[in-house]
Amino acid sequence: VARLGARYCALSGLHAIRSFVGTLDVIVQVVKLFGMVNVAATFNDTSNVVNGASECLYEVFGLPGRAARSAVGMTLPGEWSVEIEMIVEVRDAIA
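Figured I'd write up the structure that's included with this text. (Residues numbered from 1 in each chain as written. Predicted model: local features only at pLDDT ≥ 70, side-chain atom pairs only at ≥ 80, totals over all residues. Heavy atoms only, no water.)

Another aspect to go through is the nonpolar core. Counting 17 residues, the largest nonpolar core has Leu14, Leu33, Leu57, Ile84 and Met86 as its most contacted members. Looking at this core, the elements with two or more residues in it are helix H1 (2-21), strand E1 (27-38), helix H2 (46-61) and strand E3 (82-90). For this core, the element with the most residues is H2, which contributes six residues. If we skip the residues at most four places from it in the chain, Leu57 touches Ala10, Leu14, Val30, Leu33, Gly62, Gly65 and Met86. (Core = buried A, V, L, I, M, F, W, Y, C linked by side-chain atoms within 4.5 Å. Buried < 20%, exposed > 50% of the residue type's maximum accessible area, 1.4 Å probe, protein only. Helix = DSSP H or I, 4+ residues; strand = E, 2+ residues; numbered from the N terminus. Contact = heavy atoms within 4.5 Å.)

Here's what the structure looks like:
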């Protein structure tokens with residue numbers, strides 16, 4: 001379930017980018033992906049959870065969707081299962 005949540009986070013991030021720049025076609029590459037997973041003390045599979053976001057971005061962009069990535073476990077507010085932060089390179093749309 002958390003892995004699917006990471007996928008939805010990636011899609012939500014892409015929606016926010018599209019809302020800001022008008023289209024996803026100006027994205028050159030995903031530069032960095034940072035996944036924060038809400039974990040219990042004994043959970044140690046954060047990378048598998050964040051794979052949901054990584055795989056989604058690869059499906060959308062192909063190789064430019066592969067990014068430097070971090071996946072950490074922590075306590076998140078509001079009992080969220082996962083939070084994703086991404087940095088993308090956007091080409092100048094005015095050319």
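For the structure shown, the criterion picks out zero disulfides. The structure places no disulfide on Cys9, whose sulfur is separated from the nearest cysteine sulfur, that of Cys56, by 10 Å. (Disulfide = S-S within 2.5 Å.)

We now examine the packing of H1 against H2. Two elements in contact, H1 and H2, have axes separated by 7 Å at closest approach and are oriented at 40°. Classified by the angle between their axes, H1 and H2 sit oblique to one another. Between H1 and H2 lies a crossing whose hand is right-handed. In this structure, H1 uses Ala2, Arg3, Ala6, Arg7, Ala10, Leu11 and Leu14 to contact H2, whose residues at the interface are Asn48, Val49, Val50, Asn51, Gly52, Ala53, Glu55, Cys56, Leu57, Glu59, Val60 and Phe61. Looking at the contact of H1 with H2 residue by residue, the classes come out as 12 nonpolar, three polar and four charged. (Axes fitted to C-alpha atoms, helices over the stretch in contact; angles between N-to-C directions. Parallel < 35°, antiparallel > 145°, perpendicular 65-115°, else oblique. Left-handed = near helix turned anticlockwise from the far one by under 90°. Nonpolar A, V, L, I, M, F, W, Y, C, P; charged D, E, K, R; others polar.)

A separate point is the side chain of Ser54. If you trace the backbone, Ser54 turns up in helix H2. On the basis of relative accessibility, which here comes to 14%, the residue Ser54 falls in the buried class. Ignoring anything within four residues of it in the chain, the contact list for Ser54 reads Leu33 and Arg69.

Before going further, it helps to spend a moment on the sheet that holds E3. Backbone hydrogen bonds are what pair the strands of a sheet, in a parallel or an antiparallel way. The three strands lie next to each other as E2-E1-E3, forming an open sheet whose pairing is mixed. Each of the sheet's edge strands pairs with one partner strand only, and the pair in question is strand E2 (68-74) and E3. Within this sheet the neighbouring strands show an average axis-to-axis angle of 15°, counted without direction. Examined bridge by bridge, E1 and E2 share seven bridges and lie parallel to one another. Across the sheet, residue Lys32 finds its bridge partner in E2, namely Ala68. Here H1 sits on the sheet in contact with E1 and E3, set at roughly 40° to E3. Along the sheet, H2 contacts E1, E2 and E3; its crossing angle with E1, the most-contacted strand, is approximately 160°. (Pairing = 2+ DSSP bridges.)

Function cannot be inferred from these measures alone, as they are strictly geometric.
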